[in-house]
Amino acid sequence: MGFLDSTFHLSENNTNIKRESLAGLTTFVSMAYILFVNPSVLGAAGMDKGAVFTATALSAIIGCLLMGILANYPIAIAPGLGDNAFFTYSVVLAMGIPWQKAMAGVFVASVLFTILSFLKVREIVINAIPKDLKYAMAAGIGIFISFVGLQGGGIIVSSKSSLVELGSLTVPTTWITIFGVFLIAILMVKKVPGAIFIGLVATTILGLVTGLVKMPTHVMSVAPSMAPTFGVGIKYLPTMADPKMWAVVLIFLLVAFFDTAGTLVGLAQEAGLMKDNKMPRIGRALMADSLSMLGGAVMGTTPTSAYVESSAGIAVGGKTGLTAIVTGLLFVLSMAFSPMLEVVTTQVTSAALIVVGVLMVSALKDIKWDKFEIALPSFLVVIGIPLTYNISYGIAFGFLTYPILMLAAGRRKEISVVMWIMFVVFIALLYVLNILPK
């Protein structure tokens, strides 16, 4: 008890072991889907699904433990969904690059990523971001994860005429999500501790009782071997002589840089960890992220990222690295009990994401909406993240307009050199993401 309190500063943060454990469990349940989604996406690129499953779990374990020990933040890390989709559909399938070569590009990007963290380049950049844009990131990510939840629960579906529309209420599984949202909301109104986790458990039970969620065929299983993917990125390093591969490296580097930066700032804002518009121990948090990304590249998975689902644990009360440690330990257990994770379906976790989004959007109240040079860039970040389904794009919209409007408003001295550098970098990012891959 005393050791954990002194190590993670539980008393200082007005929290305790029980609350942190519940938060870690909630975060794990909210992001456990990646154990099955990542192998499915990378499997489409020709990679061995079993090996990717194990690599996914191990990279998440490394990331969560490092985040908890080094930075003492309640933020979980695992392979990012955007990166794996880009790897499979843009690099391997569209560009025709074999997954082995593409993994070499991921490894090189991971090495560069780690070097930038050691040099504190990422820390300098994040601290230079104006506080209004940081609030906008938190709110934008909140709307984004609510949108993901609405989509995952079948409440919102795609439409050819209007892009999105209301899903069919005749689909039984959609009612699992609706039930979860109302239950969690009522528990939160009643100020019941652990409302989100209780809601997730109750929703899962409802799914099992009604037969909408299938019982797993096995309780335990041995983790698959990583032999088919381990070290492949290093083995294929000679293929980096191909100029096209450096375009791949640049894309992975830029997307991972800003996706993680935006997510970390947004989550820190939600957890109330920001001090004087800066994120304490940001350097250590970024190092944890970088090292887990490097480890994942060696084992055979795409870049890791700070997970927005960590907000579910933060909403439950997680404030320290003990939350991340618990999440990491549960990923260890998941390697043996992977069949049991199948009961926590997308419809179950979607309810939590929808509710958590409401909590994160509260950051909007702190933005100076009466100053248009701040209001428009902030609005573009908030609306750009969910509508483009990409955190980097949303941030880019705001960061490209902020310097220009601040200049027009006669506030040139308030624009830091870093913001101008980022202005150029984001132009390059949009060019690389939208032109070079094609």
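Residues numbered from 1 in each chain as written. Predicted model: local features only at pLDDT ≥ 70, side-chain atom pairs only at ≥ 80, totals over all residues. Heavy atoms only, no water.

- Per an unreviewed UniProt entry, the protein is named NCS2 family permease, and its organism is Limosilactobacillus albertensis.
- Quoted verbatim from the Subcellular location (unreviewed entry) field of the UniProt record, the comment on the protein reads "Cell membrane". (UniProt positions renumbered as here; feature names shortened; annotations may be inferred.)

### Observations concerning the overall build of the protein
Moving on, step 1. Counting its regular elements, the protein contains 19 helices and four strands.
Moving on, step 2. A globule of 438 residues ought to have a C-alpha radius of gyration of about 22 Å, and the protein, at 21 Å, matches this closely.
Moving on, step 3. The C-alpha extent of the protein, read off along each of the three principal axes, is 60 × 60 × 55 Å.
Moving on, step 4. Taken over 438 residues, the protein has a buried fraction of 56%.
Moving on, step 5. For the protein, contacts bridging at least 24 residues in sequence account for 80% of all contacts bridging at least 6.
Moving on, step 6. Accessible surface for the protein amounts to roughly 18,000 Å². Of this, 70% is attributable to carbon and sulfur atoms.
Moving on, step 7. Charge-centre separation for the protein: the mean point of 26 positive side chains lies 1 Å from the mean point of 19 negative side chains. (Helix = DSSP H or I, 4+ residues; strand = E, 2+ residues; numbered from the N terminus. Rg over C-alpha atoms; globule rule 2.2 N^0.38 Å. Buried < 20%, exposed > 50% of the residue type's maximum accessible area, 1.4 Å probe, protein only. Contact = heavy atoms within 4.5 Å. Areas by Shrake-Rupley, 256 points an atom, 1.4 Å probe, with all protein chains shown as cover. Lys, Arg positive; Asp, Glu negative; His and termini not counted. Charge placed at Lys NZ, Arg CZ, Asp CG, Glu CD.)

### Describing unusual backbone geometry
Comment: phi is negative for the bulk of residues other than glycine, and the bulk of peptide bonds are trans.
Moving on, step 1. Non-glycine residue His 9 carries a positive phi angle of around 55 degrees.
Moving on, step 2. Note that His 9 resides in the loop between helix H1 (2-8) and helix H2 (17-31).
Moving on, step 3. Judged by relative accessible area, which is 33%, His 9 ranks as partly exposed.
Moving on, step 4. Look at Leu 163: it is not a glycine, yet its phi comes out positive at around 70 degrees.
Moving on, step 5. Mapped onto the secondary structure, Leu 163 falls in strand S3 (residues 163-166).

### Observations concerning the packing of aromatic side chains
Moving on, step 1. Counted by the stated rule, this structure contains four aromatic pairs.
Moving on, step 2. With 6.1 Å between their ring centres and 45 degrees between their planes, Phe 36 and Phe 53 make a pair best called tilted. Pair noted here: Phe 36 is in helix H3 (residues 34-43) and Phe 53 is in helix H4 (residues 49-71), with a separation of 17 residues, a long-range link.
Moving on, step 3. Taking the relative accessible area as the measure of exposure, Phe 53 reaches 8% and is therefore buried.
Moving on, step 4. The lysine or arginine in question, Arg 281, covers the ring of Tyr 73, its NZ or CZ lying 4.6 Å from the ring centre. (Phe/Tyr/Trp six-rings, centres within 6.5 Å; stacked < 30°, edge-to-face > 60°. Lys NZ or Arg CZ within 6 Å of the ring centre and 35° of its normal.)

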